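Geometric and topological summary
One-letter residues, chain by chain:
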Amino acid sequence: MKNLLLLCIGLVLFTGKGSAQNHLNLRRLNKEELKYEMSRNAPQLYRQYRTGSTLSGVGMGLTLGGIAAIVIGVATGEKETVTEGGQTTLYIYGAGGGIAAIGTACALAGTPLWIIGNVKKKKARNRYIRDYSYDLPGKPSPYLQLNAVRNGMGLAYVF
């Protein structure tokens with residue numbers, strides 16, 4: 001009985017995509033085609049996709065710029081090492097310390113923006129593809145998807 005159940009699950013996982021494409025005649029879209037089709041057919045989803053793309057770009061810029069500022073600040077700052085009770089602490093002073101502090105704040109602020117932007121883009125993309133019967137490029141059907149929810153993360157089985 002257990003083997004039969006595993007066989008059925010395996011068949012669903014590995015043959016679902018091929019049979020869905022053959023019966024529904026789904027068409028794959030690349031990124032540019034998706035944006036064009038989305039702007040024509042579903043402007044509200046296109047706005048959500050653009051907002052997510054903007055947030056993602058700003059977040060990526062803040063995060064990477066913050067990391068670069070941290071490296072520059074640590075490299076150029078005046079350093080002092082203090083050892084008390086077996087614990088060593090590194091203090092960075094001067095302009096380098098300020099640059100490192102600003103870089104840390106930028107990196108910490110940019111990371112959530114980057115994640116939220118990507119989640120918004122993915123939700124708009126997946127909803128458009130689902131509603132307008134296009135095939136997901138590069139994703140087998142069914143698949144597991146990791147989602148960010150209000151107070152945590154969730155794992156969804158999408159089929």
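Refer to the structure printed above.
Residues numbered from 1 in each chain as written. Predicted model: local features only at pLDDT ≥ 70, side-chain atom pairs only at ≥ 80, totals over all residues. Heavy atoms only, no water.

1. Focus: the pattern of salt bridges
Put simply, the test is: Salt-bridge detection follows one rule: a side-chain nitrogen of Lys or Arg within 4 Å of a carboxyl oxygen of Asp or Glu. Only runs of H or I of at least four residues qualify as helices and only runs of E of at least two qualify as strands under DSSP, and these elements are numbered from the N terminus. The classification of residues rests on relative accessible area computed with a 1.4 Å probe and restricted to protein chains. Under 20% of the type maximum is buried, over 50% is exposed, and intermediate values are partly exposed.
Evaluated as defined, the whole model comprises four salt bridges. The salt bridge involving E37 is made with R40; its shortest N-O contact spans 3.6 Å. In this pair, E37 and R40 both sit in helix 2 (residues 31–41), three residues apart, roughly one turn of the helix. A salt bridge links R130 to D131, with the nearest nitrogen and oxygen atoms 3.7 Å apart. The exposure class of D131 is partly exposed, given its relative accessible area of 42%. A single network of salt bridges, built from pairs that share partners, joins R127, R130 and D131.

2. Some points on the pairing of strand 2 (residues 87–93)
So the rule is basically this: Two strands are said to pair when DSSP picks up at least two bridges between them.
Bridge count between strand 1 (residues 78–84) and strand 2: seven bridges; the pairing is antiparallel. Each bridged residue has a counterpart across the sheet, and for T81 the counterpart in strand 2 is L90. Between strand 1 and strand 2, which pair antiparallel and follow one another directly, the connecting turn spans two residues, one of which, G85, has a positive phi of 60°.

3. Topic: the nonpolar core
Cut-off, in case you're wondering: Within this scheme, the nonpolar core is defined by two criteria: the residues are buried Ala, Val, Leu, Ile, Met, Phe, Trp, Tyr or Cys, and they are joined through side-chain atoms within 4.5 Å. Should any heavy atoms of two residues lie within 4.5 Å, those residues are considered in contact.
Counting residues in each nonpolar core, the largest one holds nine residues, listed as L29, L34, M38, A42, L45, Y49, A124, Y128 and I129. At three residues, the largest contribution of residues to this core is made by helix 4 (residues 94–131). Among residues more than four places away in sequence, those in contact with A42 are E37, Y128 and Y132.

4. So, the layout of surface pockets
Just so we agree on the cut-off: Put plainly, a pocket is an open set of points on a 1 Å grid over the protein atoms alone with protein on both sides within 12 Å along at least five of seven lines, a cavity is a set where a 1.4 Å probe fits but cannot get out, and a lining residue has an atom within 4 Å of a point. Grid points are joined across faces, edges and corners, and a volume is the space filled by probe spheres set on the points. Classification used: nonpolar for Ala, Val, Leu, Ile, Met, Phe, Trp, Tyr, Cys and Pro, charged for Asp, Glu, Lys and Arg, polar for all others including Gly.
Taken as a whole, the second largest pocket encloses approximately 160 Å³ of empty space. Lining the second largest pocket are I115, N118, V119, K122, K123, Q145, L146, N147, A148 and M153. Among the elements that make up the lining of the second largest pocket, the one with the highest residue count is helix 4 (five residues). Split by residue class, the lining of the second largest pocket holds five nonpolar, three polar and two charged.

5. Digging into the packing of aromatic side chains
Aromatic ring pairs are reported here in terms of the distance separating the ring centres and the angle at which the planes meet. Filter applied, for reference: Stacked, tilted and edge-to-face pairs are distinguished by plane angle, under 30 degrees for stacked and over 60 for edge-to-face with tilted covering the rest, among Phe, Tyr and Trp rings (Trp via its six-membered ring) whose centres lie within 6.5 Å.
Going through the model one piece at a time under the given rule, you end up with one aromatic pair. Judged by centre distance (6.5 Å) and plane angle (25°), the ring pair of Y91 and Y93 falls under stacked. For Y93, a relative accessible area of 40% puts it in the partly exposed group.

6. Details of helix 2
The condition that has to hold: Directions pointing from the helix axis toward each C-beta atom define the arc.
Buried within helix 2 we find L34, E37 and M38. Looking straight down helix 2, one finds its buried side chains confined to an arc of 100°; they lie on one side. Among the exposed residues of helix 2, those oriented more than 90 degrees off its buried face are E32, Y36 and R40. Buried residues along helix 2 sit against helix 3 (43–76) and helix 4.

7. Some thoughts on the environment of R50
Structurally, R50 can be placed in helix 3. Distance in space between the C-alpha atoms of R50 and G117 is 9.2 Å, their sequence separation being 67 residues.

None of this, on its own, says anything about what the molecule does.
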